[in-house]
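Residue-level structural notes
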Amino acid sequence: MTVRLGDTLTGEVRPLEPLEPGHVRVYSCGPTVYGPAHVGNFRAFTFDDLLVRYLRFRGFRVTWVMNVTDVDDKIIKAAAAEGVGIEEISARYSKVFLDDLATLGIRQPDVLPRATENIPQMVALIQTLLEGGHAYRTDDGSVFFRIASWPDYGQLARLERVDANEMRVGERVEADEYGKDDVRDFALWKGPKPGEPSWDTAIGPGRPGWHIECSAMSMRYLGESFDIHTGGVDLIFPHHTDEIAQSEAATGQRFVRHWLHNAFLQMGGQKMAKSTGNIERVPEIVARGVPARALRLALISAHYRTALSFSEESLDAATAAVERLDAIVAALAAYQSDAAGDDPTVGALLDGAREAFVAAMDDDLNISPALAAVFDLVRELNRRIAARSMSTADAGRALQALRDLDEVLGLLPPADDALTPELQALLDARAAARAAKQWAESDRLRDALAERGIAVEDTRDGQRWRRQVASRV
Ligand code: AMP
Ligand code: ZN
């Protein structure tokens, strides 16, 4: 079995054959740090994380790069509004971004390059394009990519038959872009303007355009040709279309093997977007009691190329699902059986679940049947726990099998979930009160634990505790 992945450019789903066998190089368009990202943005980033986790689970070495755009019009505007430098704005919202990644269980990319730290690489790329006749300067010190010099332009967005003059319909033409030779041409470098940050470089003073950032940073860390590039569908045109043109015009090589574009997270039937105003943010959702792992599940729960609707109902369903996972983990960890031997059906059950999970994910990360395999397994295990048919060792194997799959999903409570001494003392006191049949005292201690976010349950395996997912202590 091999991993098969889609590719927006060709419209195919085909086997992933990394350029370097066993080593997959992935570039994800990251955030523009001018404000806190919304959960729509985090649909893109949780998808990136799921992809990278799955490739690692399948034994690939993965080098994952995600850029941070820390110079752009919106950042400049935000800085001007507050009367501070762009560094202050980008440092503030980079931190918020990293905090949100951690909340959502998104592992940090191997490299998180910042645009402002890669200006020499962008300048070198622009110089190559100028020398090759693919770019030209305008009077104000800007440099534009000459689309007419690149006949393949627009394949990703299937623009072949679109009239040249319509190609950038809807895009605002900056007043300072009227010096362009062709309306379709896009800025690689923006000449200096009063009140804007500017770098003194070999191509003159100014600042980079957005598209060149991603070409320069991806090729710096992953090479001129690499395996996977991700981003939301809104980036297909113009951002990724322009990335392909300028990268391939400069290197003469195919830039990317698989383009993976996630569809939108919608709320109220529309794309979640700051401009529409229908946004929600990670800390706000968690603050109103939604477990972070439920939010993660809600964001990964549909195939990446299909639209996903975000609502209170979707969060409630995800919360219930995460509670089921917590309950099975607690039950398996506490399970003690005096069964003489192992249950002969457990091995096949665990293997079957893993096979179904892998078959689904190998098929272009088909998450719905993969999740169904996990929740079917949970149901079967609950049945065996109730029937006391498993051995203690079976329960240990089952927990390990769930934890293995969770390397991909990131939905289970952490394994090293040790209690504070205070909580442990309360649990011990409650167990003692029950043993002494002091029911009132035992109930009082149950309430005290509940107030601290610990739910206790009395089972045949004795008192069992788990964290109430909504409040972590
Ligand atoms: P930005 O910071 O605006 O460049 O966006 C960061 C990432 O989030 C990009 O890959 C966008 O395509 C993606 N994105 C923005 N809005 C949504 C949405 N509503 N659903 C899914 N992805 C989105
Ligand atoms: Zn990008």
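Along every chain, residues carry numbers that run from 1 in the direction the sequence is written. Here every chain gets a letter starting at A, and every ligand a number starting at 1, in the order they are written. At least 70 in pLDDT is required for a residue's local features to be given in this predicted model, at least 80 for side-chain atom pairs to be given and counted, and no such filter applies to totals for whole chains, interfaces and linings, which use all residues. Excluding hydrogens and water, the side-chain values take into account all heavy atoms of the structure.

Secondary structure is summarised from DSSP: a helix means a run of H or I of at least four residues, a strand means a run of E of at least two, and numbering begins at the N terminus for each. Summing up its helical and strand segments, the chain has 14 helices and 16 strands in all. The principal-axis extent of the C-alpha atoms belonging to the chain is close to 90 × 50 × 35 Å. Using a 1.4 Å probe on the protein chains alone, a residue whose accessible area is under 20% of its type maximum counts as buried, one over 50% counts as exposed, and one in between counts as partly exposed. When burial is assessed residue by residue, the chain has 52% of its 473 residues classed as buried. By definition, residues are in contact when any of their heavy atoms lie within 4.5 Å. Across the chain, the fraction of contacts at a sequence separation of at least 24, relative to all contacts at a separation of at least 6, is 75%.

Our next topic: the domain arrangement of the chain. On domain assignment, one finds that the chain holds domain 1 (19–271), domain 2 (311–409) and domain 3 (421–467). Domain limits in this description derive from either an automatic procedure or a database domain assignment. A straight line from the C-alpha centre of domain 1 to that of domain 3 covers 54 Å.

We now examine the pattern of salt bridges. The rule for a salt bridge is simple: a side-chain nitrogen of Lys or Arg has to be within 4 Å of a carboxyl oxygen of Asp or Glu. Using the criterion set out here, one finds 36 salt bridges in the structure. A salt bridge links Asp 49 to Arg 296; the nearest nitrogen and oxygen atoms lie 2.8 Å apart. Placement of Asp 49 in helix H1 (residues 39–57) and of Arg 296 in helix H8 (residues 292–300) is noted, with a sequence separation of 247 residues between them. Each member of the pair, Asp 49 together with Arg 296, is buried. Where Asp 461 meets Arg 388, a salt bridge forms, and the shortest distance between an N and an O atom there is 2.9 Å. Here Arg 388 lies in the loop between helix H11 (367–387) and helix H12 (392–409) and Asp 461 lies in the loop between strand E15 (454–459) and strand E16 (462–467), a separation of 73 residues in the sequence. Salt bridges sharing common partners tie together Asp 73, Lys 190, Lys 193, Glu 196 and Arg 207.

All right, on to the pairing of strand E2 (residues 12–15) then. Whether two strands pair comes down to DSSP finding at least two bridges between them. Relative to E2, strand E1 (residues 4–7) runs antiparallel, the two sharing 4 bridges. Among the inter-strand pairings, Leu 5 is bridged to a residue of E2, identified as Arg 14. Between E1 and E2, which pair antiparallel and follow one another directly, the connecting turn spans 4 residues, one of which, Gly 11, has a positive phi of 75°.

This paragraph deals with unusual backbone geometry. Along the chain, Phe 237 connects to Pro 238 via a cis peptide bond; the corresponding omega equals 0°. With respect to the helices, strands and loops of the structure, Pro 238 is situated in helix H6 (residues 236–251). One non-glycine residue, Leu 365, lies in positive phi territory at about 55°. Along the chain, the position of Leu 365 falls in the loop between helix H10 (346–362) and H11. Residue classification places Leu 365 among the buried positions, given a relative accessible area of 2%. The backbone of Lys 437 shows a phi angle near 60°, a positive value even though the residue is not glycine. Relative to the assigned elements, Lys 437 resides in the loop between helix H13 (421–435) and helix H14 (439–451).

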